[in-house]
Amino acid sequence: MEELFVYALLYSEGFDAWLSYADKLDKLFIEDMENETYLSLEGMTPKGAVLHTLSIMDRSEFDTEYFGKILMRSLLQIYESTDLALFAGKMYSLWNKLPRDIGRREPFLTLCYADDCLSYHDEEQCRKLYEKAMCYYE
């Protein structure tokens, strides 16, 4: 489910993650066709599936280490191909969707404040903070 959570977060912020989400959901469903959650998600619209997945994430125990690796790797790919201001503008919102206990720890907490540097035109510091967070698991 950790990968679904990541793709749902990215999709909810307007990043092109639907195909990755749908592909992972299909694989999970094929591996466990009797799983009611997967079956339910398979029948939903993209928006409905993502919202439901985010609600599941909010009330689930899951492997935050694995989740963090996938999220930060995905964010790095987006970061490298996106304007910094656009990327930064979405990170606080993404952070705000994380379960509170996860969002209060690094590297996730950086997503909450790294964009502050842009308000005083310090793009270099902003980039350093994001890059440190995204390389946290390496």
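You'll find the structure just up there.
Remember, it's a predicted structure, so these values are computed and weren't measured experimentally.

Draft legend 1. Representation of the overall build of the chain within the structure. Looking only at helices and strands, the chain has ten helices and zero strands in total. Listing the helices and strands of the chain from first to last along the sequence gives α-α-α-α-α-α-α-α-α-α. Compactness check: the chain gives a C-alpha radius of gyration of 15 Å against a globular reference of 14 Å for 138 residues, within 12% of the reference. Looking at the chain as a whole, 45% of its 138 residues are labelled buried.

Draft legend 2. Structural context of the environment of Glu-138. Residue position: Glu-138 is located in the segment after α10 (123-134). Taking relative accessible area as the criterion, Glu-138 reaches 75% and is therefore assigned exposed. In this structure the C-alpha to C-alpha distance between Glu-138 and Arg-73, which are 65 residues apart in sequence, comes to 9.6 Å.

Draft legend 3. Here's a closer look at α10. Along its twelve residues, α10 runs 16 Å from first to last C-alpha, staying within 8% of the 16 Å computed at 1.5 Å per residue. Among all positions of α10, only Cys-126, Leu-129, Tyr-130, Ala-133 and Met-134 are buried. Buried residues in α10, looked at end-on, bunch into an arc of 125 degrees, giving them a common side. Across α10 from its buried face, at more than 90 degrees, point the exposed residues Glu-124 and Lys-132. Tucked inside the fold, the buried residues of α10 contact α5 (64-80), α6 (84-96), α8 (110-113) and α9 (116-119).

Draft legend 4. The arrangement of unusual backbone geometry in detail. Here the bond from Glu-106 into Pro-107 is cis, since omega is 10 degrees, no more than 30 degrees from zero. Mapped onto the fold, Pro-107 is located in the loop between α7 (100-103) and α8. The backbone phi angle of His-121 is positive, close to 60 degrees, even though this residue is not glycine. Position of His-121 among the secondary structure elements: in the loop between α9 and α10. Look at His-121 and you get exposed, because its relative accessible area is 74%.

Draft legend 5. Highlighting the layout of surface pockets. Quantified by volume, the largest pocket comes out at close to 160 Å³. Along the walls of the largest pocket sit Tyr-7, Leu-10, Phe-15, Asp-16, Ala-17, Ser-20, Ser-74, Gln-77 and Ile-78, which together make up its complete lining. Of all the secondary structure elements, the ones that give two or more residues to the lining of the largest pocket are α1 (2-12) and α5. Its residues assigned to classes, the lining of the largest pocket comprises five nonpolar, three polar and one charged.

Rules and cut-offs
Residues numbered from 1 in each chain as written. Predicted model: local features only at pLDDT ≥ 70, side-chain atom pairs only at ≥ 80, totals over all residues. Heavy atoms only, no water. Helix = DSSP H or I, 4+ residues; strand = E, 2+ residues; numbered from the N terminus. Rg over C-alpha atoms; globule rule 2.2 N^0.38 Å. Buried < 20%, exposed > 50% of the residue type's maximum accessible area, 1.4 Å probe, protein only. Expected span 1.5 Å × (residues − 1). Arc of directions from axis to C-beta. Contact = heavy atoms within 4.5 Å. 1 Å grid on protein atoms, 1.4 Å probe; cavity = no way out; pocket = protein on both sides within 12 Å on 5 of 7 lines; lining within 4 Å. Points joined across faces, edges and corners; volume = space filled by probe spheres on them. Nonpolar A, V, L, I, M, F, W, Y, C, P; charged D, E, K, R; others polar.

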